[in-house]
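This is what each chain is made of:
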Amino acid sequence: MEFVSALSQASLVLVFAAAVLGKFRNAASFLAFKHAVATLGRVPAARAGVLAAGVVFAEATTVLLLGVPWPHGDRLPAVIGLLTAIGLLASFTYAVARALRAGTRVACRCFGTSTGPVGPPQLVRNAVLLVVAVVAVPGVAESGHLSWQARFAAWLCGAAAALVLVVGDELVALLRPVPTAPTRTSI
């Protein structure tokens, strides 16, 4: 179970780090995220900036709590990081589901670059990440027993999973059939 927990934590660290970096890539990325927060969170534009900054702060905190090795094998930061991730992901999933139910069309901006509207792919991604975070919790109690090779393998697998989750929107767009215009035949 410790390997699964380490893999899950690695995935979460990398996904949340990509989210933070994507939103702070430039001023336009953060402003676009702020607009998405205002729309998805149904908050006034004046408060959206504070909420957006709070989300990014919580994501960055999650990265630090899960990604930094703590002295003396302290497991409390990892548990707090996982609980923070679970809270964030549950909130994101609820906001996306509510937007879909209401027919609200807004770009996700989860990683700062997506321009497509939120939809089922974001719900699936958030649900997968939520399961990953929940699955990681029991293994934290066992942490400290993995060899460096097993820890490396967990991070390598976690990186592969994070890559698929981060670029999932683009993968879905690539796999989606392209509508074709009817062709005319002349007689």
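Structure's up top.
Scoring rules and cut-offs
- Residues numbered from 1 in each chain as written.
- Predicted model: local features only at pLDDT ≥ 70, side-chain atom pairs only at ≥ 80, totals over all residues.
- Heavy atoms only, no water.
- Helix = DSSP H or I, 4+ residues; strand = E, 2+ residues; numbered from the N terminus.
- Expected span 1.5 Å × (residues − 1).
- Buried < 20%, exposed > 50% of the residue type's maximum accessible area, 1.4 Å probe, protein only.
- Contact = heavy atoms within 4.5 Å.
- Axes fitted to C-alpha atoms, helices over the stretch in contact; angles between N-to-C directions.
- Parallel < 35°, antiparallel > 145°, perpendicular 65-115°, else oblique.
- Left-handed = near helix turned anticlockwise from the far one by under 90°.
- Nonpolar A, V, L, I, M, F, W, Y, C, P; charged D, E, K, R; others polar.
- Arc of directions from axis to C-beta.
- Salt bridge = Lys/Arg side-chain N within 4 Å of Asp/Glu carboxyl O.
- Core = buried A, V, L, I, M, F, W, Y, C linked by side-chain atoms within 4.5 Å.

## Here we look at helix 4 (residues 76-102)
Now for step 1: With 27 residues, helix 4 should cover 39 Å at 1.5 Å per step; its first-to-last C-alpha distance of 39 Å lies within 8% of that length.
Now for step 2: Those residues of helix 4 lying buried are Pro 77, Ala 78, Gly 81, Leu 82, Ala 85, Leu 88, Leu 89, Thr 93, Ala 95, Val 96, Arg 98 and Ala 99.
Now for step 3: Next to the buried residues of helix 4 lie helix 1 (2-23), helix 2 (27-41), helix 3 (45-67) and helix 5 (120-140).
Now for step 4: Following helix 4 by one or two positions, Gly 103 has its phi on the positive side, about 75°.

## Some points on the side chain of Ser 5
Now for step 1: By the element assignment, Ser 5 lies in helix 1.
Now for step 2: Residue Ser 5 is classed as buried on the basis of its relative accessible area of 1%.

## A closer look at the packing of helix 2 against helix 3
A pair of packed helices is characterised by two quantities: the angle between their axes and the separation of those axes.
Now for step 1: At a minimum axis separation of 8 Å, helix 2 and helix 3 run at an interaxial angle of 110°. In this view, helix 2 runs roughly perpendicular relative to helix 3, as classed from their interaxial angle. Of the two elements, helix 2 crosses helix 3, and the hand of that crossing is right-handed. Note on element contacts: helix 3 touches helix 2 through Ala 45, Ala 48, Gly 49, Leu 51, Ala 52, Ala 53, Val 55 and Val 56, opposite Phe 30, Phe 33, Lys 34, Val 37 and Ala 38.
Now for step 2: Tallied by class, residues from the contact of helix 2 with helix 3 come to 11 nonpolar, one polar and one charged.

## Description of helix 6 (residues 148-166)
Now for step 1: In this model, helix 6 (19 residues) spans 26 Å end to end at C-alpha, consistent with the 27 Å of a helix rising 1.5 Å per residue.
Now for step 2: Looking only at helix 6, the buried set comprises Ala 150, Ala 154, Gly 158, Ala 162, Leu 165 and Val 166. Within helix 6, the buried residues cover an arc of 130° as seen down the axis, which keeps them to one side. Residues of helix 6 that are exposed and point more than 90 degrees away from the buried face comprise Phe 152, Leu 156 and Leu 163.

## Some points on the pattern of salt bridges
Now for step 1: Applying the stated criterion to the full structure yields two salt bridges.
Now for step 2: Notably, a salt bridge pairs Glu 2 with Arg 151, separated by 3.5 Å at the nearest N-O pair. In this pair, Glu 2 is assigned in helix 1 and Arg 151 in helix 6, connecting sequence segments 149 residues apart.
Now for step 3: Here Lys 23 and Glu 59 are joined by a salt bridge, their closest N and O atoms 2.8 Å apart. In this pair, Lys 23 sits in helix 1 while Glu 59 sits in helix 3, placing the two residues 36 residues apart along the sequence.

## Re the nonpolar core
Now for step 1: In this structure, Leu 12, Val 15, Phe 16, Leu 66, Leu 82, Leu 89 and Leu 129 are the most contacted members of the largest nonpolar core, which totals 22 residues.
Now for step 2: Sorting the residues of this core by element identifies helix 1, helix 3, helix 4, helix 5 and helix 6 as the ones contributing at least two each.

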